[in-house]
Amino acid sequence: MTYQTEGEEIEWGHRFPFGFCRSPDGRLGVQAGNPKQWSAAAFGEIRAVLFWPFLFPNSTFHTSTGKFILMVATGITQAEWQLAKATTTAHVLLLLCRAGIGQRTLPDRPCLLNDSRWQDEWRGIEMMPPDECEAEIESGSHFSPP
């Protein structure tokens, strides 16, 4: 996915409204902005994306003219977005990692909070300091099959 803003910098943790939709001919498309203003019917539960550095092997690249960071936009549901607002983006990203979602955006992925296993996992994550969430994400220790 490509998202451009004029004069805006997208940084770690930024999020904005986004989702998938079905066009009248049945093709899957994407929409950004307020879902109430989308031109096609919403598909699935993804309602936003959040940005974070590409995890592995490196997100920062150094060139002769400076450095740049690769960012990944990961789709989240409305309820997951609310969790990020109530805590931090790092908390929700850690939940996604522990659930095996990681940096993938799956158009038909249900909200993790629909599953009691991930509700229980969230209760532990939300109590963690943000820097501990970030450290676990960066360590890769959360990568295990769901």
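Values in this document were obtained by computation on a predicted structure and should not be read as measured data.

Remarks on helix α2 (residues 89-98)
Across the ten residues that make up α2, a large majority, ten, are buried. Residues of α2 that are buried: Thr89, Ala90, His91, Val92, Leu93, Leu94, Leu95, Leu96, Cys97 and Arg98. Residue Gly100 follows α2 closely and has a positive phi angle near 85°.

Quick look at a nonpolar patch on the surface
Where nonpolar side chains cluster on the molecular surface, the patch consists of Phe54, Phe61, Phe68 and Leu70 and spans about 320 Å² of accessible area. Residue placement: Phe68 occurs in strand β6 (residues 66-69). Taking the relative accessible area as the measure of exposure, Phe68 reaches 40% and is therefore partly exposed.

Some remarks on the pairing of β6
A regular strand places its side chains on the two faces of the sheet in alternate fashion. Relative to β6, strand β5 (residues 60-63) runs antiparallel, the two being bridged by four bridges. Bridge pairing in β6 links Thr60 to Ile69. Between β5 and β6, which follow one another and run antiparallel, lie two residues.

Structural notes on the packing of helix α1 (residues 78-86) against α2
Running from amino to carboxyl end, α1 crosses α2 at an angle of 135°, the nearest separation of the two axes being 6 Å. One way to sum up the angle between α1 and α2 is to call them oblique. Two secondary-structure elements touch here, α1 through Glu80, Leu83 and Ala84 and α2 through Thr89, Val92 and Leu96. Among the residues making up the contact of α1 with α2, the classes are represented as four nonpolar, one polar and one charged.

Some thoughts on the packing of aromatic side chains
Considering all chains together, one arrives at two aromatic pairs under this definition. Seen from their ring centres, Phe16 and Phe51 are 5.8 Å apart, and the 25° between their planes marks the pair as stacked. Of this pair, Phe16 sits in strand β1 (residues 15-22) while Phe51 sits in strand β4 (residues 46-53); the two residues are 35 residues apart in sequence, bridging distant segments of the chain. Here Phe16 and Phe51 have matching classes, each one buried. Arranged with centres 5.4 Å apart and planes meeting at 80°, the rings of Phe18 and Phe20 form a pair that is edge-to-face. In this structure, Arg22 packs its charged tip against the face of Phe43, placed 4.6 Å from the ring centre.

Reading guide: rules and limits
- All residue numbers refer to positions counted from 1 along the written sequence of the respective chain.
- Totals for whole chains, interfaces and linings use every residue, but because this is a predicted model, local features are given only for residues with pLDDT of at least 70 and side-chain atom pairs only at 80 or more, for both listing and counting.
- By convention in this description, side-chain values take in all heavy atoms of the structure and omit both hydrogens and water.
- Buried, partly exposed and exposed residues are distinguished by accessible area as a fraction of the type maximum, computed with a 1.4 Å probe on protein chains only: under 20%, between the cut-offs, and over 50%, respectively.
- The helix and strand labels rest on DSSP assignments: H or I over at least four residues marks a helix, E over at least two residues marks a strand, and numbering proceeds from the N terminus.
- Patches draw on residues past 30% relative accessible area with no salt bridge. Two like charges within 9 Å are joined, as are two nonpolar side chains (Val, Leu, Ile, Met, Phe, Trp, Tyr) within 5 Å.
- Every accessible area reported is derived by Shrake-Rupley at a probe size of 1.4 Å, with residue values counting cover from the shown protein chains alone.
- Definition used for salt bridges: Asp or Glu carboxyl oxygen within 4 Å of a side-chain nitrogen of Lys or Arg.
- Strand pairing is assigned whenever DSSP identifies at least 2 bridges connecting the two strands.
- Fitting a line to C-alpha atoms yields each axis, with helices limited to the stretch in contact; the angle taken between N-to-C directions then spans 0 to 180 degrees.
- An angle below 35 degrees is read as roughly parallel, one above 145 as roughly antiparallel, one from 65 to 115 as roughly perpendicular, and any other as oblique.
- Contacts: residue pairs with any heavy atoms within 4.5 Å of one another.
- When residues are grouped by polarity, Ala, Val, Leu, Ile, Met, Phe, Trp, Tyr, Cys and Pro land in nonpolar, Asp, Glu, Lys and Arg in charged, and all others, Gly among them, in polar.
- Any two rings among Phe, Tyr and Trp, with Trp reduced to its six-membered ring, count as a pair given centres within 6.5 Å; such a pair is stacked if its planes are under 30 degrees apart, edge-to-face if over 60, and tilted if neither.
- In this scheme, Lys NZ or Arg CZ marks a charge over a ring once it lies within 6 Å of the ring centre and within 35 degrees of the ring normal.

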